[in-house]
Amino acid sequence: MPKPDLVAMSDTMAEKPATMKLLNEVLIPLMKEMDIPFELCTSHLGGLVEYYQSHGAIPIIGTRHCTAKFKIRPIRRKVREYVGNARGKHIATCWLGITTDEDHRESESDVIWFQNRYPLLELGLSRQDCIDSLARRGIVVEKSGCYMCPYQSGDEWLKIKEEFPDLWNNAIALEDEYFKTHPGRWKGLRYDGKRLREPLTDFAKSKCSSGGCFI
Ligand code: SF4
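Just so it is clear, the model here is predicted, and its values are computed rather than measured.

Visitor: Would you mind going over the overall build of the chain with me for this structure?
Guide: Of regular secondary structure, the chain possesses seven helices and four strands. Along its sequence from the N terminus, the chain presents helices and strands in the succession β-α-β-α-α-β-β-α-α-α-α. For 215 residues, the compact-globule estimate of 2.2 N^0.38 gives 17 Å, and the chain sits close to it at 18 Å. With the C-alpha coordinates aligned to their principal axes, the bounding extent of the chain is approximately 50 × 40 × 30 Å. Long-range pairs, those at least 24 residues apart, make up 67% of the contacts in the chain with a sequence separation of at least 6.

Visitor: Can you help me understand helix α5 (residues 127–136) in this one?
Guide: Residues separated by three or four positions in an α-helix point in the same direction, a consequence of the helix having 3.6 residues per turn. Sparse coverage of α5 is indicated by the burial of zero of its 10 residues. Positive phi appears at G138, one or two residues downstream of α5, with a value of about 80 degrees.

Visitor: Is there a simple way to explain the domain arrangement of the chain in this structure?
Guide: Annotation of the chain at the domain level lists domain 1 (7–136) and domain 2 (154–205). One C-alpha centre belongs to domain 1, the other to domain 2; they are set 25 Å apart. In this complex, domain 1 contributes eight residues to the contact, which on the side of domain 2 involves 12 residues. Broken down by element, the side of domain 1 that touches domain 2 gets its largest block of residues, three residues, from helix α2 (residues 48–54).

Visitor: What should I look at first to understand unusual backbone geometry in this one?
Guide: Apart from glycine, the bulk of residues carry a negative phi angle, and the bulk of peptide bonds sit in the trans form. With phi around 65 degrees, M13 is a residue other than glycine that occupies positive phi space. Along the polypeptide, M13 turns up in the loop between β1 (7–10) and α1 (17–33). Overall, M13 belongs to the partly exposed group, with 15 C-beta atoms counted inside 10 Å.

Visitor: How should helix α3 (residues 65–83) be read in this particular structure?
Guide: Between its first and last C-alpha atoms α3 spans 25 Å; for 19 residues at 1.5 Å apiece the expected length is 27 Å, and the two agree. Along α3, the sharpest change in direction is near 30 degrees and occurs at I72; proline P74 comes one to four residues later. Those residues of α3 not exposed but buried are C66, F70, K71, P74 and V79. In this structure, the buried side of α3 is in contact with β1, β2 (38–41), α2, β3 (92–95) and β4 (114–117). A positive phi of about 80 degrees marks G84, the residue just after α3.

Visitor: Just to check I follow, could you spell out the pairing of β2 for this structure?
Guide: Across a regular strand the side chains alternate sides, sitting on one face of the sheet and then on the other. Pairing of β1 with β2 involves four bridges; the strand directions are parallel. Bridge pairing links S10 to C41 in β2. With α1 bridging β1 and the parallel β2, this β-α-β connection has right-handed handedness.

What counts, and at which threshold
Residues numbered from 1 in each chain as written. Predicted model: local features only at pLDDT ≥ 70, side-chain atom pairs only at ≥ 80, totals over all residues. Helix = DSSP H or I, 4+ residues; strand = E, 2+ residues; numbered from the N terminus. Rg over C-alpha atoms; globule rule 2.2 N^0.38 Å. Contact = placed C-beta atoms within 7 Å. Buried ≥ 20, exposed ≤ 12 C-beta atoms within 10 Å, placed from the backbone. Domains from an automatic or database assignment. Expected span 1.5 Å × (residues − 1). Bend = angle between axes of the 7 residues up to and from the residue. Pairing = 2+ DSSP bridges. Right-handed = clockwise from strand over helix to strand, strands pointing away.

Listed below in structure tokens is the structure:
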């Protein structure tokens, strides 16, 4: 594949610590070594958690508002700075890292100027193939995503609670504010329908890690 003109990652300001560590210690130095510009793209709305908390809201499974606002739009805005504007013309191609085990996430772009391409699907690579390939290069990866993402499994919630109490408390505060603003709602950040303040043990036995976020 040709060398990309730009590598861009959205920064919701709520990304898990392991991802930011990998970014700073591996990805950014690698991009420098390969002479590829790298951009971390933040939303003009600020941090995702702060934004939702100030609106008494939470990211909700199935709506994808958070992905659009804090991932897709910031990246497209940054790409615009590189390619400019051209009404009705295809001027940028975005490679997305969707693997064969999540090929249902492959979709056409909703705008002409910014088209999607899926190199890992073209190469027939699964998530495990990618993990193995990186491990052979000495790179260990963890699933990325916001620390309070409603798509994460019970295991992942438990890890946040045990290893990052500050982030766990932020997630609790976000959910508390949501239920305070919307006392009639029953479902919070856990996809099993229970509240974060309820025990996580049974939920942690669930093993979904398919990833529901678009980028
Ligand atoms: S990782 Fe989760 S919370 Fe963060 S933008 Fe994606 S779907 Fe929303």
